[in-house]
Amino acid sequence: MEKADLRKIYKEKRQQLSGIDIEELQENIYQQIYDLEISNIKNVHVFLSLEKFKEINTNPIIDYFRSQNKKIVVSKSDFTNNSLTHFYLEKDTAIALNKYGIPEPVNAIQVSESKLDLVFVPLLISDEQHYRVGYGKGFYDRFLANCRKDCKKIGLNFFKPISNITDVNEFDIALDEVIYPN
């Protein structure tokens, strides 16, 4: 199936999840994250959840990595060129919603993609080859293309991957892993 169709289907599937469903699915995902080998990880990029789209709540992930003495990095979106810039998220960093309702850091210290060791990537659905369908603007594909080759890229999803996305293109970046409830 093509990305546009998958995007529509999985946005709807996510909206149909109840609060209890989401809590159960998240707990399974969190446990898998807590089991990851992270001894060589220093800087972890985590997306700040969009509650209105029923994205996985990343606050427990942020808290976990902080408890392991890892630096947390989050992004700001630039809709003029569909790019992301990255910033350290300290405990006292203020978060504000941009005009699109996306939570972003305020007055934070900028970080280069080259500093990132692990990136958690939001997605609507992925395939068995670890390609993903996001919201369709290419923010994450541009971002991931600039990360180091050894930076681990992990997608987080409520749904099991499908067999394949039929319209993957040269700009799509495959993830190293996708964590979903099992």
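Preceding this section is the structure that the text describes.
All values reported here derive from a predicted model rather than from experimental measurement.

Colleague: Can you explain helix α2 (residues 19-34)? Please cite residues and give values.
Modeller: For α2, which comprises 16 residues, the first-to-last C-alpha distance of 22 Å matches the rise-based estimate of 22 Å (1.5 Å per residue) to within 8%. What α2 keeps buried is the set Ile 22, Leu 25, Gln 26, Ile 29, Tyr 30 and Ile 33. Each buried residue of α2 lies within a common arc of 140 degrees when the element is viewed along its axis, so the set occupies one face. Facing away from the buried side of α2 by more than 90 degrees, the exposed set consists of Ile 20, Glu 23, Glu 24 and Glu 27. Its buried side turned inward, α2 meets α3 (59-67), β7 (118-122), β10 (152-156) and β11 (177-179).

Colleague: Can you lay out the pairing of strand β5 (residues 103-106) for me, pointing to particular residues and giving the numbers?
Modeller: In this sheet, β5 lies alongside strand β4 (residues 94-97) in antiparallel orientation, the contact comprising 4 bridges. The residue bridging Ala 94 from the neighbouring strand is Val 106, located in β5. Between β4 and β5, which pair antiparallel one after the other, the connecting turn spans 5 residues, and Gly 101 there sits at a positive phi close to 80 degrees.

Colleague: So, α3: which residues are in play, and what are the values?
Modeller: Since the α-helix turns once every 3.6 residues, residues separated by three or four places project in the same direction. Every buried residue of α3 is listed here: Ile 61, Ile 62, Tyr 64 and Phe 65. What you see down the axis of α3 is that its buried residues fit within an arc of 160 degrees, all on one side. Those residues of α3 that are buried lie in contact with α2, β1 (43-45), β2 (71-78), β7 and β10. A positive phi of about 60 degrees marks Asn 69, the residue just after α3.

Colleague: Describe the pattern of salt bridges, naming the residues involved and giving the relevant values.
Modeller: Applying the stated criterion to the full structure yields 6 salt bridges. Between Asp 150 and Arg 148 there is a salt bridge, with the nearest N and O atoms lying 2.7 Å from each other. Residue classification places Asp 150 among the exposed positions, given a relative accessible area of 56%. Linked by salt bridges that have partners in common, Asp 117, Arg 148 and Asp 150 make up one network.

Colleague: Outline the sheet that holds β2, listing residues and values.
Modeller: Read from one edge of the open sheet, 7 strands run β6-β3-β2-β1-β7-β10-β11, paired in mixed fashion. Every other strand in the sheet has two partners, leaving β6 (110-111) and β11 as the edge strands with one partner each. Where β7 lies against β10, 5 bridges are found, and the strand directions are parallel. In the sheet register, Val 121 faces β10, and the bridge partner there is Gly 155. Sitting on the sheet, α2 touches β7, β10 and β11, and the angle it makes with β11 is about 135 degrees.

Here is what the cut-offs are and how they apply
- Residues numbered from 1 in each chain as written.
- Predicted model: local features only at pLDDT ≥ 70, side-chain atom pairs only at ≥ 80, totals over all residues.
- Heavy atoms only, no water.
- Helix = DSSP H or I, 4+ residues; strand = E, 2+ residues; numbered from the N terminus.
- Expected span 1.5 Å × (residues − 1).
- Buried < 20%, exposed > 50% of the residue type's maximum accessible area, 1.4 Å probe, protein only.
- Arc of directions from axis to C-beta.
- Contact = heavy atoms within 4.5 Å.
- Pairing = 2+ DSSP bridges.
- Salt bridge = Lys/Arg side-chain N within 4 Å of Asp/Glu carboxyl O.
- Axes fitted to C-alpha atoms, helices over the stretch in contact; angles between N-to-C directions.

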